[in-house]
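Chain by chain, the residues run as shown.
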Amino acid sequence: MDWLAIFRRNDAKALPAPQPQTLDPSPSMMQRLYQRMDSLRNLVTGLGITGADRRMGMEVYQRQPLVLSQQYFLFQQSWKARRAVEATPRHAVRAWVKVTIPDNPDATAALQRDLERFRKPFRTAGIWANLTGGGLAAMIIDDGRDPTFPVDLRRIRGIRSVKLYDRWFAYPASWNQDPMAWNSGEPEIYSVFGSATVNPQSSSPLAQIHASRCVRFDGPLLPILLRQANVGWNSSLLEYCWDALRDHQQGLDSGAKALTVFSQMFLTRKGFDQDLIAPDGENLSDMRLRILSSQLNMGGVAMLDETDKIEAIGQKVSGFADVLDRLGDELAGAFEIPRVILYGQANGTSRAGADTDVRMYYDSVKEWSHDNLVPAVRQVVELLLATPKYKALGIDADDVDIEPNSLWELSDKERAEIIKLNTDAVVAANGTGVISPKQAHLALVEALEPLGVQADDEMLSNWGDTEPDPDDPNDATLPVPDPDRLGQAGMPPLAGLNKMGMPIIPGPDSGPGG
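A brief structural summary. (Residues numbered from 1 in each chain as written. Predicted model: local features only at pLDDT ≥ 70, side-chain atom pairs only at ≥ 80, totals over all residues. Heavy atoms only, no water.)

Next up on the list: unusual backbone geometry. Glycine aside, the phi torsion of most residues is negative, and most peptide linkages are trans. Backbone geometry at W96 places phi at a positive 65 degrees, although glycine is not the residue there. Following the sequence through the fold, W96 ends up in the loop between α4 (79-95) and β1 (97-100). One non-glycine residue, D103, lies in the positive phi region at around 60 degrees. As for its placement among the helices and strands, D103 is situated in the loop between β1 and α5 (105-114). For D103, a relative accessible area of 82% translates into the label exposed. (Helix = DSSP H or I, 4+ residues; strand = E, 2+ residues; numbered from the N terminus. Buried < 20%, exposed > 50% of the residue type's maximum accessible area, 1.4 Å probe, protein only.)

Another aspect to go through is the sheet that holds strand β6 (residues 207-210). Note: strands within a sheet are paired through backbone hydrogen bonds, in either parallel or antiparallel orientation. Pairing within the open sheet is antiparallel, and its three strands lie in the order β4-β5-β6. Since the sheet does not close on itself, it has two edges, and those belong to β4 (170-175) and β6, each with one partner. Averaged over all adjacent pairs, the angle separating strand axes in this sheet is 30 degrees, with direction ignored. Here five bridges tie β4 to strand β5 (residues 187-192), and the two strands are oriented antiparallel to one another. Residue pairing for β5: P172 is matched across the bridge by Y190. (Pairing = 2+ DSSP bridges. Axes fitted to C-alpha atoms, helices over the stretch in contact; angles between N-to-C directions.)

Counted according to the given criterion, the structure contains 14 salt bridges. Two residues, R246 and D243, come together in a salt bridge whose shortest N-O distance is 3.5 Å. Here D243 and R246 lie together in helix α9 (residues 242-260), a separation of three residues that amounts to about one turn. Among the residues examined, R246 registers a relative accessible area of 30% and is labelled partly exposed. Given a relative accessible area of 28%, D243 falls into the partly exposed group. One network of salt bridges, in which partners are shared, links D325, R326, D329 and R339. (Salt bridge = Lys/Arg side-chain N within 4 Å of Asp/Glu carboxyl O.)

For the coordinates displayed, the defined rule picks out nine aromatic pairs. On the numbers, 6.0 Å between centres and 70 degrees between planes, the contact of W79 with Y343 is edge-to-face. In this pair, W79 is assigned in helix α4 and Y343 in the loop between α13 (339-342) and α14 (345-348), connecting sequence segments 264 residues apart. Here Y343 falls in the buried class, since its relative accessible area comes to 18%. In textbook terms, an aromatic cluster arises when at least three aromatic residues are bridged by ring pairs, as seen for F118, F122, F217 and W368. R167 extends its terminal NZ or CZ atom over the ring of W168, reaching a point 4.0 Å from the ring centre. (Phe/Tyr/Trp six-rings, centres within 6.5 Å; stacked < 30°, edge-to-face > 60°. Lys NZ or Arg CZ within 6 Å of the ring centre and 35° of its normal.)

With that settled, consider the side chain of Q71. Tracing the chain through its elements places Q71 in helix α3 (residues 68-77). Side-chain polar atoms of Q71 contact the side chain of W168, separated by 3.0 Å. Those residues in contact with Q71 that sit more than four places away from it in its chain are L66, L131, T132, W168, S236 and L238. (Polar contact = N/O pair within 3.5 Å; in protein donor to acceptor, adjacent residues only side chain to side chain. Contact = heavy atoms within 4.5 Å.)

Of all nine residues making up strand β2 (residues 134-142), eight are buried, and the element is well covered by its neighbours. In terms of strand pairing, β2 meets strand β3 (residues 158-166) through eight bridges, oriented antiparallel. What sits directly across from M139, in β3, is V162.

Pairing in this open sheet of three strands is antiparallel, and the strands run β3-β2-β7 from one edge to the other. Both edges of this open sheet fall to β3 and β7 (214-218), since each of them pairs with a single strand only. Neighbouring strand axes in the sheet, compared pairwise and without regard to direction, differ in orientation by 15 degrees on average. Sheet contacts for helix α15 (residues 354-385): β2, β3 and β7; angle to β7, the most-contacted strand, approximately 180 degrees.

Here we take up α3. Among all positions in α3, only L68, Q71, L74 and F75 are buried. Relative to the axis of α3, the buried residues are bounded by an arc of 145 degrees and lie together on one face. For α3, the exposed residues set more than 90 degrees away from the buried face come down to Q76 and Q77. Check the buried side of α3 and you find it contacts α4, α6 (119-132), α8 (237-240) and α9. (Arc of directions from axis to C-beta.)

With respect to the element layout, P205 can be found in the loop between β5 and β6. In the structure, P205 is positioned 34 residues away from Y171 in sequence and 9.3 Å away in space, judged by C-alpha atoms.

Before going further, it helps to examine the packing of α3 against α6. The N-to-C vectors of α3 and α6 enclose an angle of 120 degrees; their axes lie 10 Å apart at closest approach. With respect to each other, α3 and α6 are oriented oblique. In this structure, α3 contributes Q71, Y72 and F75 to the contact, and α6 contributes I127, W128, L131 and T132. For the contact of α3 with α6, the per-class residue count stands at five nonpolar, two polar and no charged. (Parallel < 35°, antiparallel > 145°, perpendicular 65-115°, else oblique. Nonpolar A, V, L, I, M, F, W, Y, C, P; charged D, E, K, R; others polar.)

Structure representation (structure tokens):
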């Protein structure tokens, strides 16, 4: 019979409800049995006791978000916070974007020049977004309409200037309520203020501007509820990096204090105890120590009694450099910036994998440009193409290609090695007869052009004729018919398969048999 079940059945009614972190002064039989049994309960460590398990010691605490003054002072007084806030927008705008209008190089060059004056405003707006959670670039557009109305592309004459505001100076005044609109739930009109304000309801706005006249930059993403609580703006970059920034600064402060007591001065005097009990001995001893201290601080000659001895004993501080190094890694990880970028080139060149970290960071900068800079530039391009300067050309804004430039470029050695590998692969394929000279020509052009090498016909004349050869079954420019439709009306007859297993299309002078 299950003896434990008997105890449970007989003592079920007498067993009191367990209370967290408390012990019953008169435990029941069941409780005494549990205490005697081997189990994962320990009264000393709290293991297994409700509310006292040390594995539950970690908890998520909610602190107050950084307010306006804290964000501004960190940006002004902390070089680490400032560099982290500026890094990504500064590198993205430094690389800038490449604008291409198909078959119109003159208009492409003119549009690229006109976009140059937007580099600084967009860089600053991106920095404000990282610092405060949002940056607004309000464009003063000459279209003859009130700024609270959408831009009239039919009447636009130019963009006069750009005014910049961070999230403390700009608040959404109204939202798009149309559920079918592409910008449903997004701000429709912004209220901008002449001075920073926490409560936009407590003061009158300087002006109101329609969203079509503004370029918006957002900080790190917030969940929907927190974004609504933040009046439509996202989070500051410093918000979720605050703990790492604070720990790093406290580590540096602790190290600075440790250096002040790194070396202690010790004075040995014979009969010091007798001097203290002598009449006025305490004052005389104190005066002597102050005189000796002033002599040491001035770097002069210390006058000692024949029996006195003075020495400096250094304290051992081991592992402190490793602690600071780990805190630096934590800070770089929180900011998502490599150490070589955050602390400077000299600090990061000796670290293994520094080049890889920089390449990965530049990839993240390019991603930021795709998400933020390219849409901003496209919005400006649409406005510029509607001005009289470009309207006569009839350029559609959707036809303009905008791509961010890469920050990381191949070195001359790397480029030469890749060119050699690509060329050798094409030469080997052509020599085996797997591909025709025309295919080799096209493959080499496609391989070299991304590397900045323009392969023209004169350069590649040894590859043979570059024009399509209708009699060459291996010519890549000939269309390959669908095997399922061979023999049907409008399709060329099948003349067999070549050595690559592809259907052979008869030449214009050949019969059905090829």
